[in-house]
Amino acid sequence: RKAMEVARARGELLILYGSQTGTAQEVAEQVEAEAARRRFAVRCMPMDAYPLASLPQERLLVAICSTTGQGEPPDNMRGFWQFLRRRDLPPGALGGVQHACFGLGDSSYPKFNVAARRLTARMAQLGSASLVTAGYGDEQDDLGIEQGLQPWLASLWEALGAAAPMPTGLSTLPPDAPPPLRFVLAPYAPPGVPANFPPDFLSAAPGLELASLRPAWTRVPQPPPPGTDGRSALPARVVANEELTTNSEARDVRHIELLVPIGSIGLLGASRPYDAEAMIALSPPPYEPGDSLGVWPRNSDEAVSRALARLQRTAPEGAIGASAFEGDALVEVLCAPADAQTGALTRPLPPGPVSLRELLAAYVDLNAPPRRRACGALAQCTDGRTGEGAAQEGRLREFASASGQALLREYAGKPRRTAVEVLEDFDHAKPRLFDVLAIFAPMAPRFYSIASEPQSAGVRLFASANGEGEPILAQSVHLCFAVLRYKTFLRDVRGGLCSSFLARQHPPPAFKTSRPFLNAAAASVATAANVVSECAVIDNLTIEALPCVHVWFRAGALRMPKDENTPLVMIGPGTGVAPFRAFVQRRSRLANEGKIVVPQNGFTTQPACALFFGCRSEKLDYVYAQEWANAQASGVLARVPVAFSRDSRPGEAKTYVQTVLSRPEMAKLIRELVVEREGHVYVAGSAGSMPREVREAIREAIKMPSGGDGMDDDEAEEVMRALEAAGRYQVEVWG
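Residues numbered from 1 in each chain as written. Predicted model: local features only at pLDDT ≥ 70, side-chain atom pairs only at ≥ 80, totals over all residues. Heavy atoms only, no water.

A. Region of interest: the overall build of the protein chain. Counting secondary structure elements, the protein chain contains 25 helices and 27 strands. Each of the 735 residues in the protein chain was classed as buried or not, and the buried ones make up 54%. The contacts in the protein chain between residues at least 6 apart in sequence include a share of 78% that link residues at least 24 apart. Of the roughly 31800 Å² of accessible surface on the protein chain, 51% is carried by carbon and sulfur atoms. (Helix = DSSP H or I, 4+ residues; strand = E, 2+ residues; numbered from the N terminus. Buried < 20%, exposed > 50% of the residue type's maximum accessible area, 1.4 Å probe, protein only. Contact = heavy atoms within 4.5 Å. Areas by Shrake-Rupley, 256 points an atom, 1.4 Å probe, with all protein chains shown as cover.)

B. Highlighting unusual backbone geometry. Within the chain, R416 stands out as a residue other than glycine whose phi angle is a positive 55 degrees. Looking at where R416 falls in the secondary structure, it is placed in the loop between α14 (405-413) and α15 (419-425). Exposure remark for R416: the relative accessible area of 35% places this residue in the partly exposed category.

C. Structural view of the packing of aromatic side chains. Under the criterion given, the structure shown has 13 aromatic pairs. When the ring of F399 is compared with that of F426, the centres are 6.5 Å apart and the planes differ by 80 degrees; the resulting orientation is edge-to-face. Separated by 27 residues along the polypeptide, F399 in helix α13 (residues 387-400) and F426 in the loop between α15 and α16 (436-439) bring together distant segments of the chain. Residue F399 is classed as buried on the basis of its relative accessible area of 2%. For F426, a relative accessible area of 4% corresponds to the buried category. The rings of W296, F447 and W552 are connected pair by pair, giving a single aromatic cluster. The ring centre of Y136 lies 4.1 Å from the NZ or CZ of R117, which sits over that ring. Over the aromatic face of Y624 sits the side chain of R581, whose NZ or CZ is 4.4 Å from the ring centroid. (Phe/Tyr/Trp six-rings, centres within 6.5 Å; stacked < 30°, edge-to-face > 60°. Lys NZ or Arg CZ within 6 Å of the ring centre and 35° of its normal.)

D. Broad picture of the pairing of strand β9 (residues 234-243). With seven of ten residues buried, β9 is to be regarded as a mostly interior element. Where β9 lies against strand β21 (residues 548-554), four bridges are found, and the strand directions are antiparallel. What sits directly across from A236, in β21, is V549. (Pairing = 2+ DSSP bridges.)

E. The arrangement of the confidence of the model for the protein chain in detail. Per-residue confidence for the protein chain averages 84 on the pLDDT scale, and 83% of its residues sit at or above 70. Here residues 198-215 is a poorly scored stretch, pLDDT under 50, and it has 35 contacts once near neighbours within four places are set aside; other chains count. Across residues 520-540 the pLDDT falls below 50, and counting only partners more than four positions away or on other chains, this stretch makes 33 contacts in the model. (pLDDT = per-residue confidence, 0-100.)

F. Main features of helix α21 (residues 625-633). Burial in α21 covers these residues: W628, A631 and Q632. Mapping the buried residues of α21 onto a view down its axis gives an arc of 100 degrees, with all of them on the same face. Facing away from the buried side of α21 by over 90 degrees, the exposed positions are Q626 and A633. Buried residues along α21 sit in contact with α20 (578-592) and β23 (609-612). (Arc of directions from axis to C-beta.)

G. Examining the side chain of E421 more closely. Position of E421 relative to the elements: it lies in helix α15. For E421, a relative accessible area of 10% gives the class buried. Polar contacts involving the side chain of E421 include one to the side chain of R494, which spans 2.8 Å. Filtering out sequence-adjacent residues up to four positions away, E421 remains in contact with R306, R416, L490, D492 and R494. (Polar contact = N/O pair within 3.5 Å; in protein donor to acceptor, adjacent residues only side chain to side chain.)

H. Local environment of the sheet that holds strand β26 (residues 680-686). With parallel pairing, four strands are arranged side by side in an open sheet as β23-β22-β26-β27. Every other strand in the sheet has two partners, leaving β23 and β27 (729-734) as the edge strands with one partner each. The average angle at which neighbouring strand axes cross in this sheet is 10 degrees, direction not considered. Across four bridges, the pairing between strand β22 (residues 568-571) and β26 is parallel. Looking at the pairing, I571 lines up with V683 of β26. Contacts from α20 reach β22, β23 and β26 within the one sheet, and its direction differs from that of β22 by about 150 degrees. Where helix α24 (residues 689-703) meets the sheet, it contacts β22, β26 and β27, and its direction lies at approximately 155 degrees from that of β26. (Axes fitted to C-alpha atoms, helices over the stretch in contact; angles between N-to-C directions.)

I. View of the nonpolar core. Ranked by internal contacts, the top residues of the largest apolar core, which has 45 residues, are L185, L359, L360 and F440. In terms of residue count, helix α11 (residues 356-362) provides more of this core than any other element does, five residues in total. In terms of nonpolar packing, the next biggest core, distinct from the first, is built from 30 residues, I15, V27, L153 and A164 among them. (Core = buried A, V, L, I, M, F, W, Y, C linked by side-chain atoms within 4.5 Å.)

J. Spotlight on the side chain of T314. Here T314 lies in the loop between α10 (301-313) and β12 (330-335). Among the polar contacts listed, one links the side chain of T314 to the side chain of R310, at a separation of 2.8 Å. Filtering out sequence-adjacent residues up to four positions away, T314 remains in contact with D427, A429, K430 and P431.

K. Representation of the packing of α24 against helix α25 (residues 713-725) in the model. It is the contact of α24 with α25, at a shortest axis distance of 9 Å, that shows an interaxial angle of 120 degrees. One way to sum up the angle between α24 and α25 is to call them oblique. By crossing handedness, the relation of α24 to α25 is classed as right-handed. The segment α24 lies against α25, with R695, I698, R699, E700, I702 and K703 engaging D713, A716, E717, V719, M720, R721, L723 and E724. (Parallel < 35°, antiparallel > 145°, perpendicular 65-115°, else oblique. Left-handed = near helix turned anticlockwise from the far one by under 90°.)

L. Seen up close, the pattern of salt bridges. Within this structure, the stated rule accounts for 40 salt bridges. The salt bridge partner of R446 is D365, with a shortest N-O separation of 3.3 Å. Placement of the pair is R446 in strand β16 (residues 446-449) and D365 in strand β14 (residues 364-365), with a sequence separation of 81 residues. Its relative accessible area of 24% is what places R446 among the partly exposed residues. Judged by relative accessible area, D365 falls into the buried class, the value being 5%. Put simply, D383 and K430 hold a salt bridge, and the shortest N to O gap is 3.4 Å. Here K430 lies in the loop between α15 and α16 and D383 lies in the loop between α12 (372-380) and α13, a separation of 47 residues in the sequence. When its relative accessible area of 38% is taken as the criterion, K430 is described as partly exposed. (Salt bridge = Lys/Arg side-chain N within 4 Å of Asp/Glu carboxyl O.)

Laid out in structure tokens, this is it:
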């Protein structure tokens with residue numbers, strides 16, 4: 001209590017963050033550690049975990065947030081943002097609060113850092129004064145987010161020093177002071193037994209002095225109900241894993257089909273014999289075209305074994321069980337009470353005992369290069385009593401400093417050196433069990449655009465786990481993604497954690513994907529006989545026999561127009577075409593059902609949809625080619641050339657989607673669909689120059705005359721901004 005009173009002598013600092021993938025949270029915790037070093041009493045939590053009624057009573061607030069989708073706030077910021085937008089809040093509601101805001105974004109998105117900009121403007125409207133000018137980090141900068149973050153932090157600490165001067169008799173802790181501990185890994189203690197810290201924990205745990213500013217540790221709370229958020233994902237099963245490319249060494253693009261349980265037949269209210277129409281009516285689609293699927297990856301067995309072997313080499317002498325890093329030993333995660341509050345815990349952590357091997361496989365990212373906080377934690381446990389050890393400790397401390405970020409990027413970021421490889425390089429580091437969650441980054445979800453429409457993909461019946469009781473109804477979900485593999489100057493080939501994990505998941509040979517799915521077409525056939533045969537339940541094969549991937553649905557950045565006849569212009573090079581497969585499936589299904597009108601043979605009018613697709617080569621990675629051809633033949637899609645960038649003749653410029661968009665006949669089509677017929681434009685694919693160049697090509701197409709005078713640059717730009725403001729120009733890109 002005395003330590004807490006001393007810390008509060010300088011004042012309290014509230015840090016709130018809105019984070020979708022964990023990067024904004026990492027920045028917030030970095031600010032938290034430095035604020036604690038500067039003797040502030042710090043509280044750090046997600047925006048939606050904060051008791052909003054207390055906000056007007058705060059004095060100093062630091063807000064850190066990213067932007068998602070079409071300028072939306074992250075999931076754990078939405079409630080906070082809705083509160084701030086309330087019309088009944090008076091202009092001076094936050095007049096006693098001084099704030100500082102930093103946004104994380106990617107300038108290849110049209111709405112770069114919009115969430116942070118809106119938050120800054122709204123805080124000012126409510127009377128809150130700015131401590132410093134808002135800062136905006138850009139992933140496209142040479143040093144990424146750090147390039148904008150470090151100057152902003154320097155200004156922040158100067159402003160906070162003026163707003164809350166250091167009291168007499170109190171001084172800043174040294175630069176190498178350990179940060180506050182938020183989570184601790186300990187040997188498992190059975191129910192009713194106090195947390196089982198190692199015997200030397202209280203004396204040897206780095207940072208425990210700062211951690212003592214918090215109340216006692218507590219066990220991690222139970223996750224919310226399945227499917228509620230990323231911490232409580234649904235156990236999907238892999239039923240198909242197909243290579244779409246002809247040469248996986250050159251480029252490996254996969255089509256994967258997952259079944260996500262949505263309930264049992266009994267719970268849904270259907271009865272035997274199973275009425276397909278009733279089942280579909282009772283199971284509303286859990287996703288829409290344009291939505292994303294969050295996936296929790298797992299580290300490979302090889303990576304886990306390698307991490308354990310390295311940790312065991314420097315385990316404390318005489319240690320046993322979990323403290324000796326034995327893979328089968330049970331461990332549990334303890335957290336500070338603030339992180340046990342509802343909504344405060346954002347990273348996935350086991351709510352009960354788990355083997356150390358499982359924790360390393362599922363809850364930390366062994367594939368990620370270490371960030372500065374991890375380097376600082378590693379420096380804390382490095383034995384610097386020898387010359388070589390002191391050199392290693394010094395280098396790690398440099399990596400953990402603001403001035404050492406360029407060096408860290410060269411050492412770990414650019415070559416994608418993993419945390420395990422860094423541990424192997426710094427062999428004088430001797431992590432203990434309670435260091436594990438500090439030196440390894442938390443496992444972060446990966447999001448994939450769903451490549452199927454739920455009604456077209458259908459649902460499926462499976463036998464229950466023990467073969468008794470009602471069958472399980474599962475929704476089919478399709479993904480299309482590239483398996484990331486690349487080389488750096490390091491010996492081993494680098495690979496994407498999640499894409500490699502998904503690529504390894506294959507259903508057993510006994511599984512036959514030809515078994516019936518229940519979709520709209522199947523229902524109409526089945527209803528004639530008023531029954532779906534129980535052959536839809538796999539013979540003697542339960543859903544548990546299939547590879548498991550934990551997933552959850554998230555509203556995506558791309559939203560189809562409510563009017564199903566609205567024209568669509570879709571630009572999706574590479575695997576950016578994934579969400580548009582769902583769009584085309586929806587329009588094709590509605591056309592087959594007679595719910596939308598499409599041009600018939602001869603095409604007296606242009607189809608209402610145009611898909612601009614690009615890839616390397618027609619023979620290598622022209623994915624879903626037959627599906628696009630069928631949609632063109634049926635009048636759903638306009639006939640648009642495909643951009644094959646590697647099929648150009650020697651001496652010819654490469655052809656990209658931007659090239660095709662700029663052709664006069666395609667510009668005319670775009671102008672007709674977008675300007676004259678008030679269509680929507682969608683762009684999806686890799687970040688970088690593509691989104692910017694596509695926007696420029698669309699703007700130029702709008703300028704061109706179509707039976708009349710064209711527009712000048714200013715008029716075309718005004719049209720583009722109007723499209724974006726109305727939600728008629730939507731972009732989803734990824735790094």
